[in-house]
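The residues making up each chain are set out below.
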Amino acid sequence: MTAVHVVGSRREAGWLIAEQIGELVRRVPKINLGLATGSSIETVYTELDRQGVDLGKARGFALDEYIGLPEAHPQSYRSVLTRMVVDTLGLPASRLMLPDADHPELFDRVIDRWGGVDLQLLGIGSEGHIGFNEAGSSLGSRTRAVTLAESTRRDNARFFESVEKVPRLAVTQGVGTILRARRLVLLAFGASKAEAVAAALEGPITARVPASALQLHPDVTVVLDRLAAGGLQFVGRQPSTASTFPRRL
Ligand code: GLP
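Moving on: the site of the ligand. Taken together, 14 residues surround the ligand, and among them Ser39, Ser40, Asp64, Arg158 and Lys193 come closest. Between the ligand and the protein, one listed contact pairs an oxygen atom with a side-chain N or O atom of His129 at 3.2 Å. Residue Gly131 places a main-chain N or O atom 3.4 Å away from an oxygen atom belonging to the ligand. Broken down by class, the residue content of the shell around the ligand amounts to four nonpolar, seven polar and three charged.

This is the structure in structure tokens:
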């Protein structure tokens, strides 16, 4: 674990990571970004937009996608990423890659062919999933089709009319796939994430908490609000970014 930042707000978290990504993109416009969805990561896309970061030369690799939703469904991750990253940040639609439910195993090869993911954005599920790697996912797993946990379907029901409308299956980069990215960035907010965050960062490395695999990676940045950090006891936190965050933006 490289850095754990505890910040005052979601906006500050998004700003901090957007600054870092903006700097990377200016240095390496052809960056390969691993793109996650979810409300935590949305703050990064919003701040990238506010900072005028242009992903016109980048390539994007989605972390996961539902199975069984038409591509054009507003909650398919293709649609979400098209709205947040293609339409807003200028990533060319042809360079947004999503795992194919019919051939999930090809995705790892696609990623490799384009040189690997430089920076992978991640949220965390309330039970410790990353991507859609639910509890029990092998830490060496590759991109594959999975069954969603009922807790995940309940958590994601807010994006649908009801929990029944949340797909039961998904395709996700595996834990092993995620670990191959050169740099990982995880954001989590709110008390509902505190237990999962503590288990992931301070608990044993175990398939029961797939996010605990982050402990195996040499370059991870974790950004939490105070509530999500509430269960941590030992992890050394970085000095607050408060002095540099432009609060009056
Ligand atoms: C979904 C995504 C995950 C993400 C999670 C967290 O389940 N498939 O990749 O980690 O949402 O979402 P949120 O940030 O909205 O809590």
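Turning our eyes to something else, we now look at helix 7 (residues 194–202). Listed in full, the buried residues belonging to helix 7 are Ala194, Ala196, Val197, Ala198, Ala200 and Leu201. In this structure, the buried side of helix 7 is in contact with strand 1 (3–7), strand 9 (183–188) and strand 10 (220–225).

On to the nonpolar core, then. If you look at the biggest cluster of nonpolar residues, it comprises 79 residues, and the most contacted ones within it are Tyr45 and Leu121. Of the residues forming this core, the biggest block, eight residues, is contributed by helix 1 (residues 10–27). Beyond its immediate sequence surroundings of up to four residues, Leu121 is in contact with Ile17, Ile21, Gly34, Ala36, Ile41, Val44, Tyr45, Leu63 and Val185.

Bringing the sheet that holds strand 8 (residues 169–172) into the picture now. Sheets are built from strands that pair by backbone hydrogen bonding, the pairs being arranged parallel or antiparallel. Sheet architecture is open: three strands sit in the order 4-8-7, paired in antiparallel fashion. Either end of the sheet is taken by a strand with one partner, and the two such strands are strand 4 (64–67) and strand 7 (144–147). Strand-to-strand twist of the sheet, defined as the mean angle between neighbouring strand axes without regard to direction, takes the value 30°. One ladder, built from four bridges, connects strand 7 with strand 8; its direction is antiparallel. In the strand pairing of strand 8, Arg144 is matched with Thr172.

Side chains of strand 3 (residues 59–62) alternate between two faces, with Arg59 and Phe61 and Gly60 and Ala62 buried alike. Taken together, the four bridges between strand 2 (residues 32–35) and strand 3 define a ladder with parallel strand orientation. Looking at strand 3, one finds that Gly34 is bridged to Phe61. For the crossover from strand 2 across helix 2 (residues 39–50) to strand 3, the handedness is right-handed. Direction of pairing for strand 3 relative to strand 5 (residues 96–97): parallel, over a ladder of two bridges. Considered in strand 5, the bridge of Gly60 is made with Leu96.

With respect to the element layout, Thr177 can be found in helix 6 (residues 175–179). Residues within four places of Thr177 in sequence aside, it is in contact with Asp108, Ile111, Ser141, Arg142 and Thr143.

Right, let's get into the environment of Thr152. Assignment of secondary structure puts Thr152 in helix 5 (residues 150–156). Residue classification places Thr152 among the buried positions, given a relative accessible area of 4%. As a C-alpha pair, Thr152 and Gly8 span 144 residues in sequence and 26 Å in three-dimensional space. If sequence neighbours within four positions are ignored, Thr152 has contacts with His129, Phe132 and Glu134.

Enumeration according to the criterion identifies ten salt bridges in this entry. A salt bridge links Arg180 to Asp112, with the nearest nitrogen and oxygen atoms 3.5 Å apart. Of this pair, Arg180 sits in the loop between helix 6 and strand 9 while Asp112 sits in helix 4 (residues 106–113), and the two are 68 residues apart along the sequence. Classification of Arg180 by relative accessible area gives partly exposed; the value is 49%. Relative accessible area serves as the criterion here: at 40%, Asp112 is assigned to the partly exposed category. A salt bridge links Glu150 to Arg153; the nearest nitrogen and oxygen atoms lie 3.2 Å apart.

Moving on, we come to the sheet that holds strand 9. Strand order across the open sheet formed by seven strands is 1-10-9-6-2-3-5, with parallel pairing between neighbours. Both edges of this open sheet fall to strand 1 and strand 5, since each of them pairs with a single strand only. The strands touched by helix 1 are strand 1, strand 2, strand 6 (119–122), strand 9 and strand 10; relative to strand 9, the strand with the most contacts, the crossing angle is about 160°.

Quick notes on the rules
Residues numbered from 1 in each chain as written. Predicted model: local features only at pLDDT ≥ 70, side-chain atom pairs only at ≥ 80, totals over all residues. Heavy atoms only, no water. Near = heavy atom within 4 Å. Polar contact = N/O pair within 3.5 Å; in protein donor to acceptor, adjacent residues only side chain to side chain. Nonpolar A, V, L, I, M, F, W, Y, C, P; charged D, E, K, R; others polar. Buried < 20%, exposed > 50% of the residue type's maximum accessible area, 1.4 Å probe, protein only. Helix = DSSP H or I, 4+ residues; strand = E, 2+ residues; numbered from the N terminus. Contact = heavy atoms within 4.5 Å. Core = buried A, V, L, I, M, F, W, Y, C linked by side-chain atoms within 4.5 Å. Pairing = 2+ DSSP bridges. Axes fitted to C-alpha atoms, helices over the stretch in contact; angles between N-to-C directions. Right-handed = clockwise from strand over helix to strand, strands pointing away. Salt bridge = Lys/Arg side-chain N within 4 Å of Asp/Glu carboxyl O.

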